Amino acid sequence: MIARPDRPDRPDRPKRPKQPKQPKRPTRPKFSTLTALSLAAAMALLLVSAVTLGRETEPPGRTVVTVRLWDQQVAGAYRRSFDEFTRRHPGIEVRVNVVAFSTYFDTLRTDVAGGSADDIFWISNAYFAPYVDSGRLVDVTSSFGPQAVAGWEPSVVDQFTRDRRLWGVPQLTDAGIALYYNADLLSAAGVDPAVLDSLRWSPDDTVDTLRPLLSRLAGGRGRQWAYNAANDLQGIYLNYIGSAGGVFSVGDRFAFDNAQAAEAFRYLVRLINVDKVAPPASATNDNGDFSRNMFLQGRMALFQSGTYNLAAVAANAPFRWGVALLPAGPAGRVSVTNGIAAAGNSASPHPESVREVLAWMGGTDGNAYLGVGGAAVPAVLAAQRTYFDYWAAKGVDVAPFFDVLHGPRISAPGGAGFAAGFNALKPYFDEMFLGRLDVAQALPQAQTAANAAAER
Amino acid sequence: MTSPSRAISSAAVYAMLGVGAIITLAPFVFGVVTSFTSARQFATGTPLQVPDPPTVANYAGLADAGFGRTVVVTALMTAVIVLGQLTFSVLAAYAFARLTFRGRDAIFWAYIATLMVPPTVTIVPLYLMMAQAGLRNTFWALVLPFVFGSPYAIFLLREYFRTIPADLINAARLDGASTLDVLVHVVIPVSKPILVTLTLITVVSQWNNFMWPLVITSGPKWRVLTVATAGLQSQYNGQWTLVMAATTVATVPLIVAFVAFQRHIVRSIVVTGLK
Amino acid sequence: MVSARVRTTTTAYALLAPSLFGVAAFLLLPMFVVGWLSLHHWDLLGPIRYVGLDNWRSVLSDGTFGNSLVVTALFVALVVPVQSALGLLAASMLARQLPGGVFFRTLYVLPWICAPIAIAVLWHWLLAPTDGAINTLLGRQVEWLTDPGLALPVVSAVTVWTNVGYVALFFLAGILAIPEEIYRAARLDGAGPWQRFRRITLPLLRPTLFFVLVTGIISAAQVFDTVYALTGGGPQNRTDLVAHRIYAEAFGAAAVGRAAVMAVILFAILVIATIAQHLYFRRRISYDLA
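Residues numbered from 1 in each chain as written. Chains lettered and ligands numbered in written order. Predicted model: local features only at pLDDT ≥ 70, side-chain atom pairs only at ≥ 80, totals over all residues.

A separate point is the overall build of chain C. Looking only at helices and strands, one finds 13 helices and two strands in chain C. On C-alpha atoms alone, chain C measures out to a radius of gyration of 24 Å, which is more than a quarter above the 19 Å that the 2.2 N^0.38 rule sets for 290 residues. Taking the principal axes of its C-alpha atoms as reference, chain C extends roughly 80 × 75 × 30 Å. Evaluated residue by residue, chain C yields a buried proportion of 45% over its 290 residues. (Helix = DSSP H or I, 4+ residues; strand = E, 2+ residues; numbered from the N terminus. Rg over C-alpha atoms; globule rule 2.2 N^0.38 Å. Buried ≥ 20, exposed ≤ 12 C-beta atoms within 10 Å, placed from the backbone.)

We now examine the overall build of chain A. Across its full length, chain A holds 19 helices and 15 strands. Here the C-alpha atoms of chain A give a radius of gyration of 32 Å, more than 25% beyond the 23 Å that 2.2 N^0.38 yields for 456 residues. Projecting the C-alpha coordinates of chain A onto the three principal axes gives extents of approximately 140 × 55 × 45 Å. Counting over 456 residues, chain A shows a buried share of 48%. Residue pairs at least 24 apart in sequence account for 73% of intrachain contacts in chain A once pairs closer than 6 positions are excluded. (Contact = placed C-beta atoms within 7 Å.)

How large an interface is tends to be reported as the accessible area lost when its parts come together. Tallying the contact residues gives 31 residues for chain A and 26 residues for chain B. Listing elements by their share of the side of chain A that touches chain B, those giving two or more residues are helix H1 (29-54) and helix H3 (101-114) of chain A. Top contributing element to the side of chain A that touches chain B by residue count: H1(A), with 14 residues. Its residues assigned to classes, the side of chain A that touches chain B shows 13 nonpolar, 16 polar and two charged. (Nonpolar A, V, L, I, M, F, W, Y, C, P; charged D, E, K, R; others polar.)

The next thing to look at is helix H5 (residues 104-114) of chain B. Residue and element names in this part refer to chain B. Of the residues making up H5, those classed as buried are Ile107, Phe108 and Tyr111. Viewed end-on, H5 has its buried residues packed into an arc of 100°, placing them on one side of the element. Exposed residues lying more than 90 degrees from the buried face of H5 are Asp105, Ala106 and Trp109. (Arc of directions from axis to C-beta.)

All names here are of chain A. Running from N to C, helix H2 (residues 72-88) and helix H15 (residues 364-372) point in directions that differ by 150°, and their axes come no closer than 8 Å. Relative to H15, the crossing made by H2 is right-handed. Packed against H2, whose contacting residues are Val74, Ala77, Arg80, Ser81 and Phe85, the element H15 presents Gly366, Tyr369 and Leu370 at the interface. Of the residues in the contact of H2 with H15, the class split is five nonpolar, two polar and one charged. (Axes fitted to C-alpha atoms, helices over the stretch in contact; angles between N-to-C directions. Left-handed = near helix turned anticlockwise from the far one by under 90°.)

This part is about the nonpolar core. Ranked by size, the top nonpolar core spans 310 residues in total, and within it Leu179(A), Leu268(A), Ala343(A), Val357(A), Val124(B) and Ala168(C) carry the most contacts. Ala168(C) has contacts with Gly87(C), Ala90(C), Ala91(C), Leu94(C) and Tyr108(C), leaving out every residue within four places of it along the chain. (Core = buried A, V, L, I, M, F, W, Y, C linked by C-beta atoms within 7 Å.)

With that settled, the discussion passes to the interface of chain B and chain C. The interface is formed by 71 residues belonging to chain B together with 74 residues belonging to chain C. With 12 residues, the single largest contributor to the side of chain B that touches chain C is helix H1 (residues 4-35) of chain B.

What follows is about helix H4 (residues 101-113) of chain C. One turn of the α-helix equals 3.6 residues, which is why residues spaced by three or four share an orientation. The end-to-end C-alpha distance of H4(C), which contains 13 residues, comes to 19 Å, matching closely the 18 Å that a straight helix rising 1.5 Å per residue would cover. For H4(C), the full list of buried residues reads Phe104(C), Tyr108(C), Val109(C), Leu110(C), Pro111(C), Trp112(C) and Ile113(C). (Expected span 1.5 Å × (residues − 1).)

Hydrogen bonds along the backbone pair up the strands of a sheet, which may run parallel or antiparallel. All names here are of chain A. Reading across the sheet, the six strands line up as S2-S1-S3-S13-S6-S14 and stay open at both edges, with mixed pairing between neighbours. Because the sheet does not close on itself, it has two edges, and the strands there are strand S2 (92-98) and strand S14 (377-378). Note: strand S6 (residues 169-173) against S14, two bridges, orientation antiparallel. Looking at S14, one finds that Thr173 is bridged to Val377. (Pairing = 2+ DSSP bridges.)

Residue and element names in this part refer to chain A. The three strands are arranged S10-S7-S11 in an open sheet whose pairing can be described as antiparallel. Only two strands of the sheet have a single neighbouring strand rather than two, namely strand S10 (302-305) and strand S11 (321-324). Strand after strand, the sheet turns through a mean of 25° between neighbouring axes, direction not considered. In this structure, strand S7 (residues 178-182) lies alongside S10, joined through four bridges in antiparallel fashion. Bridge assignment links Tyr180 to a residue of S10, and that residue is Phe303.

Residues and elements named next belong to chain B. Mapped onto the elements, Gln206 comes out in helix H11 (residues 192-207). Taking the C-alpha atoms as reference, Gln206 lies 8.6 Å from Thr74; in sequence the two are 132 residues apart. Discounting residues that sit within four places of it in the chain, Gln206 has contacts with Met77, Thr78, Ile81, Val82 and Phe146.

Across chain C, the average pLDDT comes to 88, with 96% of residues at or above 70. Both scores are given for the predicted complex: the pTM is 0.80, the ipTM 0.87. (pLDDT = per-residue confidence, 0-100.)

On to the packing of helix H9 (residues 233-244) of chain A against helix H10 (residues 259-273) of chain A, then. Between two packed helices, both the angle of their axes relative to each other and the distance between the axes serve to describe the pair. All names here are of chain A. For the pair H9 and H10, the least separation of the axes is 8 Å and the interaxial angle reads 130°. Classified by the interaxial angle, the pair formed by H9 and H10 is oblique. Considering the relative orientation of H9 and H10, their crossing is right-handed. Of H10, the residues touching H9 (which contributes Ile236, Tyr237, Tyr240, Ile241 and Ala244) are Gln260, Ala261, Glu263, Ala264, Phe265, Tyr267 and Leu268. (Parallel < 35°, antiparallel > 145°, perpendicular 65-115°, else oblique.)

Here we take up unusual backbone geometry. The backbone of Arg164(A) shows a phi angle near 65°, a positive value even though the residue is not glycine. Position of Arg164(A) relative to the elements: it lies in the loop between strand S4 (161-162) and strand S5 (165-166).

All names here are of chain A. By the bridge criterion, seven bridges tie strand S1 (residues 63-69) to S2 in an arrangement that is parallel. Within S2, the position partnered with Val65 by the bridge is Val94. For the crossover from S1 across H2 to S2, the handedness is right-handed. (Right-handed = clockwise from strand over helix to strand, strands pointing away.)

Quick look at the environment of Val439(A) now. Residue and element names in this part refer to chain A. Position of Val439 relative to the elements: it lies in helix H19 (residues 439-455). Considering only alpha carbons, one finds Val439 and Glu263, 176 residues apart in sequence, at a separation of 8.8 Å. Apart from the residues within four sequence positions on either side, Val439 is in contact with Ala262, Phe265, Arg266, Val269 and Met432.

Structure representation (structure tokens):
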């Protein structure tokens, strides 16, 4: 037997610490540097994309001027106007930017503050003061000379004058408020449209002809309303306050806590909550288009509003309709009139081009486009014919909107603190119109809150 | 083994779970159905009718309103923030977890302290700071506050990194690895679960971020999906069919991602919560 | 070796640099800025003016901020208990681990994954008085969001709806972490299902409960998106949660200084609340599962 040689003793070796499987031994700092580099590259790629996204897409050789407004109908007219402008000034392209009215002034403020606002933007009398005070608007009096105002609607020029200078180029005047009516619903209720022109509202039931008529026009629970009484400053309550002989504001202060205004509000609140001839305030308080939509759907007999809704009604109403004078009150027939101006952004990178566009917008040719489509009443006096001609051709009598202006007017409110003040009074007015807060309590509380907020 | 009483209660449990499922799903279903209804049918008929011809007109309307660019901006912002935040958080967490240096604990507790700062409180001063720096309404304003790392992520990563066996790292160092090597080849491969978790959390929270983009951007250029959805609601007040299309677009990407990654996401919610 | 330590320190600070910058610039610095801002007046358009304590006096004297705090407290008191209870209920059912449970668990988290603003817009339509889905189903015209009595509960309900699935996941993990032996032992001792729940599950869930409550309160106190889309502050400011009030002051009323005051006060309240909760619960969650 051959002896197997003994295996030599293996000396004890210190055990190597157990290592879990590792990825293949990387050759190098090259690999991890590669990873780091690829991460950095990915980030760089993303950032380059961001920069590219941010690049202004200016067509070469042209300046782009942007114009902001809130009315979809008028925007169409502006686009046609600006097409013509670009034909005459080939180096300037104008783009229209529509922002909803409900957020228009909030976003305008943050945009102007942030330097990202459009070169030209619509302003309204109520909201323009803070912009003037902080130097954000182009001084039209300096740019165009004091004689320029001669061609513009005086009431609009007044509204946008502050510190004796004009701060916007008048674009539109809203004319007055009138009563749209659904002729089909009226004839179904046996009402002759002619009676509308002599309607009177009054806290005194023996004199009041509006309420009885509205009761006749209202139909089955909520399916058909007679009227759009609501928490609507321009369309409804400002006119009621005026025709009651009261005031809403005096200068920059809110002053609606007076007996006549209280009468007006009481009347409206009764129409909504007791007579139920108007939609519930819960539907109209926060949605300014609700009543108009109801009217357009044929579910509202009378719709009190301004020329700013005329084009929508003409385009969309599937029934016969007309316009009548707005109801008179104890102090007569009083309407508010409002104007809109286009302000130049003083921080615009293209001040010269902005001036040219503003000149066009304030001139007869440019402003006429707004009237040609019947969208709005041009503020340039020489261009106003286009508006009347258009509607006359359509067989719509727009006289009620203008005739009412021959009488007394109530001024549209404004001032530096208007936005804050109006925000502050809104909750009180909402509750008042909902019928949950008595008018006699709501008005003083709202006025105090509004003035306090406006002063801050 | 189910005793009779258990069997009955099983049925009861299913019933209750089912009710819960209906309550959870119904709103989404209604919304999506409405988004495919034509505006006219919605206005004239009752709101819950089945769309008679279902239509994609509302979605086309979204494209007109600039939603295409909005989605791109949102995706880009999210990508930049996720990439930056994770990278810088990993670096910081590694330093806290595995390196010893002066001031380490003090700085770490400072980071932890900032976890108590509520976002609501920082929005206004951050707005002012961005305004002074002239960065309002820029892409940078959207990402800068978030891209440099998040104390929350750093905290979680540090916990995780501390559990990596020291031997792994030491062995790598013995082989001549630099810190970068250790990170790429040892730490990150081992941390995949937590990294996936954090990626998902960050993607969700940035995609859904509303208040900061609302405040710091304005206009269509840098609008993100959340802001666009809210804006659509005010711009087209009452046009619910269009607005529902917007909410669908805003929620669908995450729902799809969620269903695809649901196990990870669920685990991530739990893991980060219970730490 | 000194050089090695210096190298480590350098490496460490190099690694820390980006996040240090981020934390300092975007988390710490704002805290000082907001305090500074509370002493100034700014309307976003004009210059920033120093006004001393005027903003503080103004905020503390008019009722709007106090109202927001009360509304927020009510909101938190409504939302947190309800979502925790419902989450616990859902988790107990899911813990049975019946077939198909994963489907439900996944489904319930869906609302939380979506953007709160999108959820709010969706519910805004559902709750619309005339053409919303809910009123259509009910056949009545309930003023969910404009009735002062209903608005806050409704907003709370939407928040609870969003969070239940998310909360349930935490409870589920907590329940599943309880060892089966404990239940078995209890069953052998004759304990019924309700007793098992009360004596075993609930106490052992204390850490989870603590976590859910604390995070629930902190996040409920900062709800903004839901209010923005549903009520804008609500009828008569009844849903004017603090986060919304701060936003409305700064960007609606353009009173940034006042908003800063509110932010500072909110911060103080949340810090105190967090610390108080930690102290309260620390003494009560020392259960060992060994």
